[in-house]
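# Overview (structure and organization)
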Amino acid sequence: MQRIALLLLLVTASLFSQSKTDLSYYLPQDVTYDSNIPTPKSIVGHEVGEWHITHDKLVQYMHALAKASDRITIEDRGKTFEDRPLLLLKITSLENHKNLDAIQAAHVQATETNTSDISERPIVVYQGFSIHGNEPSGSNAALVAAYYLAAAQGPKIDDLLKNTVILFDPSFNPDGLQRFAYWANTNRGMNLNADPNDREYSEVWPGGRTNHYWFDMNRDWLPVQLPESRARIETFHNWMPNILTDHHEMGTNASFFFQPGIPSRTHPLTPKMNQELTKGIAEYHAKAFDKIGSLYYSEESFDDFYYGKGSTFPDINGSIGILFEQASSRGHIQESDNGILTFPFTIRNQFTAVLSTLEAANGMRNTILEYQQDFFKNARNEAAKSGNKAIVFGDEKDAAKTYHLAEILNRHRIKFHDIKRDFSVNGKNYKKGYSYIVPKNQKNTRLINAMFEKRTTFQDSLFYDISAWTFPLAFNLDYTETTTANAGDEVKDLKPQNGGVASKSEYAYLFEWHEYYAPKLLNKILKKGLRAKVSMKTFKANGKSYDYGTILIPAKNQKISTSEIYTFLNDLAQDSHIKIDAVSTGLNDGIDLGSRNFRALELPKIALLVGDGMTSYDAGEIWHLLDTRYDIIATKLDTKRFSRADLSRYNTIIMVNSSSGLNENNTKKLKSWIQNGGTLVAYRNALRWLNSKELMKIDFKKNDLTAKNITYEQRGDFRGAQVIGGAIFETKIDRSHPINFGYKNDKLPMFRNTTLFIKPDKNSYNNPIQYTKNPLLSGYISEENLDSLSLSIPLKIGGIGRGNIVAFTDNTNFRAFWYGTNRLLMNAIFFRDEM
Ligand SMILES: [Zn+2]
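Figured I'd write up the structure that's included with this text. Bear in mind the structure is a predicted one, so any value in this text is a computation, not a measurement.

### Looking at the overall build of the protein chain
When you go through the protein chain residue by residue, the secondary structure sums to 23 helices and 36 strands. Computed over its C-alpha atoms, the radius of gyration of the protein chain comes to 29 Å, within 12% of the 28 Å expected for a compact globule of 835 residues. A burial count over the protein chain gives 61% of its 835 residues as buried. For the protein chain, the proportion of contacts with a sequence separation of at least 24, taken over those separated by at least 6, is 80%. Only carbon and sulfur atoms are counted for the fraction: they give 47% of the accessible area of the protein chain, which is about 32,900 Å². Across the protein chain, 98 positive and 94 negative side-chain charges occur, with their mean positions spaced 6 Å apart.

### Concerning the pairing of strand β4 (residues 123-129)
The buried count for β4 comes to seven of seven residues, which makes it a mostly enclosed element. Where burial is concerned, the two faces of β4 agree: the one with I123, V125, Q127 and F129 and the one with V124, Y126 and G128 are both buried. Pairing between β4 and strand β6 (residues 164-169): six bridges, direction parallel. Counterpart to Y126 in the pairing with β6 is L167. Taken together, the five bridges between β4 and strand β7 (residues 243-250) define a ladder with parallel strand orientation. Note that in β7 the partner of Y126 across the bridge is L244.

### Describing the packing of aromatic side chains
Scanning all chains against the criterion turns up 52 aromatic pairs. Measuring from centroid to centroid gives 5.3 Å for F302 and Y464, while their planes differ by 55 degrees, and the two rings are tilted. Here F302 is found in the loop between α10 (272-292) and β9 (320-327), whereas its partner Y464 is found in the loop between α14 (445-452) and α15 (471-474), with 162 residues between them in sequence. Ring centres of Y306 and W469 lie 5.0 Å apart, and the angle between their planes is 55 degrees; this geometry places the pair in the tilted category. With Y306 in the loop between α10 and β9 and W469 in the loop between α14 and α15, this pair connects stretches of sequence that are 163 residues apart. Both residues of the pair, Y306 and W469, count as buried. Clustering of aromatic rings is evident, with ring pairs tying together F305, Y306, Y307, F458, F463, W469 and Y780.

### Things to note about the nonpolar core
Among the nonpolar cores identified, the biggest contains 223 residues, and M62, F168, F511, I525 and I551 are the most heavily contacted of them. Looking at this core, the element that brings in the most residues is helix α6 (residues 137-151), giving 11 residues. Not counting the four nearest positions on each side in its chain, F511 is found in contact with A518, L521, L522, I525, T550, I551, I553, I578, K579 and I580. One finds A508, F539, V583 and F598 within the second-largest nonpolar core, a separate group that totals 10 residues.

### Some words on the sheet that holds strand β24 (residues 551-554)
The mixed open sheet is built from six strands, whose spatial order is β19-β25-β20-β24-β21-β27. Each edge of the open sheet carries a strand with a single partner, namely β19 (500-501) and β27 (598-600). Where β19 and strand β25 (residues 579-583) come together, two bridges link them in parallel fashion. Each bridged residue has a counterpart across the sheet, and for V501 the counterpart in β25 is I580.

The rules behind the values
- Residues numbered from 1 in each chain as written.
- Predicted model: local features only at pLDDT ≥ 70, side-chain atom pairs only at ≥ 80, totals over all residues.
- Heavy atoms only, no water.
- Helix = DSSP H or I, 4+ residues; strand = E, 2+ residues; numbered from the N terminus.
- Rg over C-alpha atoms; globule rule 2.2 N^0.38 Å.
- Buried < 20%, exposed > 50% of the residue type's maximum accessible area, 1.4 Å probe, protein only.
- Contact = heavy atoms within 4.5 Å.
- Areas by Shrake-Rupley, 256 points an atom, 1.4 Å probe, with all protein chains shown as cover.
- Lys, Arg positive; Asp, Glu negative; His and termini not counted.
- Charge placed at Lys NZ, Arg CZ, Asp CG, Glu CD.
- Pairing = 2+ DSSP bridges.
- Phe/Tyr/Trp six-rings, centres within 6.5 Å; stacked < 30°, edge-to-face > 60°.
- Core = buried A, V, L, I, M, F, W, Y, C linked by side-chain atoms within 4.5 Å.

Okay, structure coming up:
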């Protein structure tokens, strides 16, 4: 009896510790392997799947492989925020390597001409892993896949490598992978524990999914705001791959998913053939998974709508993007609906999908190469039909924002021109140096449509992600359809505007608040201890009009000399690309410089609440905004430290989306801090909490919807149709209110993905921002919700004691590309005492 128990224990232990797992568990046995190629274990010190690979060891192995194999070259394409290398391996036959530049040139050339010989051309496959760092089976499978491609011998692999160029990106998200590997490894015992309650399976905030600033990088393929995406997008456009794969993980109780996703949710700009080919490729996956006995599904979830995702971005660029989702063991082993789910099992599935993709690419090579060629042929025809049509965009008061949108076009190889001369359309002025013209007749015309179009009707009412991302709206830039008649030279060398101080003054300096980097400049001025004021009214000085929010820096009675001020401001102005005016008199047309309508400003001292209860994406966006764009240091104040923290160090506290808010004691503490003069800026669901704790009385509109003629089966779709996944709406703004300083138009597009609708105040001056009567600009919203949104307000400002609360129903800093509404947060921070 004892012996049986012991035996059982041994069997269980060996099953759970997987001490027996070696490479043969993963590798096909129908080929032999070159013994000169180092195995992962020989370099990283452990078997694949035994521990979670850290990024530094992954890098070490990829370099070792590249050194040992003449099928692999390795390229370092830059660095993450944490200075980790962004590697790319190029894997193909030795013969192809000898002509790789020519192969690449011919491949790209085929997207630009109508005739190209397909028969001799290799297909290009871009395979990338674990863009979500805590979905680690992808990057761990990359070890096996790279080994296989380097070491496998025989006619099958020779044929594959002859016909394929593989762009192999072992880790889409190095910083996240490292963070997660640390978590999973430090919590692993010698005896693996499959209990889902174990600490190993619940990461601490913010987890390893995101990058350094807590961004979901699988939303950044179109906006390209993060260094990791920049490297990827450059590789993409340099190579124009035919297939791009994106290896993810999903919930532990799921199985394995491969695309196509839900057919009715494919973006209408994606050609039908794209999805048919995806289906064709899926047959290869199905066959491979049948063979190893793994469960899988397709077409029932996920979609190809938002082009900012890795599996959808390729679809508007003549390529085929494919999403893989493996049920996650998260740590090393976990109980699941499908039995014990081991980490090696998840790795083997991903590796299987790597090989089935390559087999499909080789098997369908001609068809897929032809598809890409046709895609661009058709796009060229569409482009030619658009004749001299073009889009002009710009902001006569903000060169930096205009520059940053142009920068995105550059990253996507979209051509644009300077304008020949200043001109006006529909009451908007397009100024040279502050606007660009994008001709539609060019190679990436479909991508231009996908970035600039406004879409308000949809086949389906459910979306996996946002339903709108219209770039000029997100940037709050003026734009319109025009012709190339006003186009000047093509911009080949995009540069930001030069800043500087016009001349030295003994009296005062002025700059308007419209430029994107004005907050960066003001913060440095205040940090230096210089006095600066903000204008509450418009005025004219030296014949020039100055808008609300103009910043005044007196030259005298400062702690440094007038010469030092001049030099200091000139350096800052250059650094922030802003032009500062010098004035020699305080006498103006309108308010004078000594007027009480110039209000003294205070240096912001900011705490950003982070940690449990706060949404890490939203917090990360603000951290990234303040740190990387404005050089403003904010303290990341963890909610678990809140009760001990001395809040008098701060004059501004930011609370991002939070459903839980703070506990009773912390709420009291925050309230008394506000009463003593602090400003709380709160977002999204934090507003419900503010209301429930009576920190702010908010009159929410209720939208009670009852299901009529909806079956049990339809209930999910019925509810889903009431979700605002992310769309763009028009607001009317009161430009004289400090929250709106720096906006030149009286309309402002805003992003929304909540269903929080606030009734407007009965006094109109308390509604500085209000949705218009028919506010939908772009994206999906149900009729019921649109009704509720109409004339509601996205912002409420309220006072408690000497302090105040600035509350937004929605995120104004969405995913680093909503440049247009970043200003609202900056105004809340810098002009907090004026509202
Ligand atoms: Zn994922």
